[in-house]
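In case you want the letters, here they are:
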Amino acid sequence: MVTTYDNQFYHNNVYGHALSLLQTVCEPDDSVHLDVGCGFGRIAEPLTLSLNRTYVGVDADEDGLASLSARAYETHLFLLADLDANVAFFRNILNGRRLGSITILDTMEHLHDPQGTIAGLRILAMESVAPLVVSVPNIAHV
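Attention here is on the structure that accompanies the text.

What the protein contains, in helices and strands, is five helices and five strands. Taking 14 Å as the expected radius of gyration for a compact globule of 142 residues, we find that the protein reaches 14 Å, a close match to that expectation. Expressed as lengths along the three principal axes of its C-alpha atoms, the size of the protein is roughly 35 × 35 × 30 Å. Relative to its 142 residues, the protein shows a buried fraction of 46%. Of the contacts made within the protein by residues no fewer than 6 positions apart, 61% connect residues no fewer than 24 positions apart. Only carbon and sulfur atoms are counted for the fraction: they give 55% of the accessible area of the protein, which is about 7,600 Å².

Shown next, in the form of structure tokens:
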């Protein structure tokens, strides 16, 4: 069983900092934002409002995805695997849509193969020239 934290969006937490960074490097457009390890996707509403992106949440936790689905966001249940499987899965989700940005926030520490996950997301980000925002929790995070 996967346990997902339901942390709210605040401008001074990881979600707010990630959104601020994306707003700095991205123009609003109709591309896809891929949120890997999205949990309850508390960045979804502020991100779609400010960047006009199609938010897509991916997680292994059904409760978080159910919350996002109830809020009319696209979700995909997926337990991250090896590099090739991850890249194929994300390309399938995009299905020809343009990738505009990716976040993986406070998720790396829960993964079996974090290096392979980042390598796969980097491939997608480079193909689309899309920013990839990664955060890992630590006690010094402000």
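Having seen the structure, we can now continue with the description.
Bringing helix α4 (residues 83-94) into the picture now. Spanning 12 residues, α4 covers 17 Å between terminal C-alpha atoms, matching the ideal 16 Å at 1.5 Å per step. Of all the residues in α4, the buried ones are Asn86, Val87, Phe89, Phe90, Ile93 and Leu94. In a view along the axis of α4, the buried residues occupy a sector of 160°, so they form one face of it. α4 presents Asp84 and Asn92 as exposed residues on the side facing more than 90 degrees away from its buried surface. If you follow the buried residues of α4, they end up packed against β1 (32-36), β2 (54-59), β3 (74-77), β4 (99-105) and α5 (114-128). Directly beyond the C-terminal end of α4, a positive phi value near 45° is found at Asn95.

Time to look at the pairing of β1. Among the five residues of β1, five are classified as buried, and the element is accordingly described as predominantly covered. Burial along β1 is two-sided: the face carrying Val32, Leu34 and Val36 and the face carrying His33 and Asp35 are both buried. Pairing analysis gives five bridges linking β1 to β2, with the strands arranged parallel. Paired with Val32 across the two strands is Thr54, which belongs to β2. Relative to β4, β1 is paired through four bridges, and the arrangement is parallel. Considered in β4, the bridge of Asp35 is made with Thr103.

Reading the values: rules and limits
Residues numbered from 1 in each chain as written. Predicted model: local features only at pLDDT ≥ 70, side-chain atom pairs only at ≥ 80, totals over all residues. Heavy atoms only, no water. Helix = DSSP H or I, 4+ residues; strand = E, 2+ residues; numbered from the N terminus. Rg over C-alpha atoms; globule rule 2.2 N^0.38 Å. Buried < 20%, exposed > 50% of the residue type's maximum accessible area, 1.4 Å probe, protein only. Contact = heavy atoms within 4.5 Å. Areas by Shrake-Rupley, 256 points an atom, 1.4 Å probe, with all protein chains shown as cover. Expected span 1.5 Å × (residues − 1). Arc of directions from axis to C-beta. Pairing = 2+ DSSP bridges.

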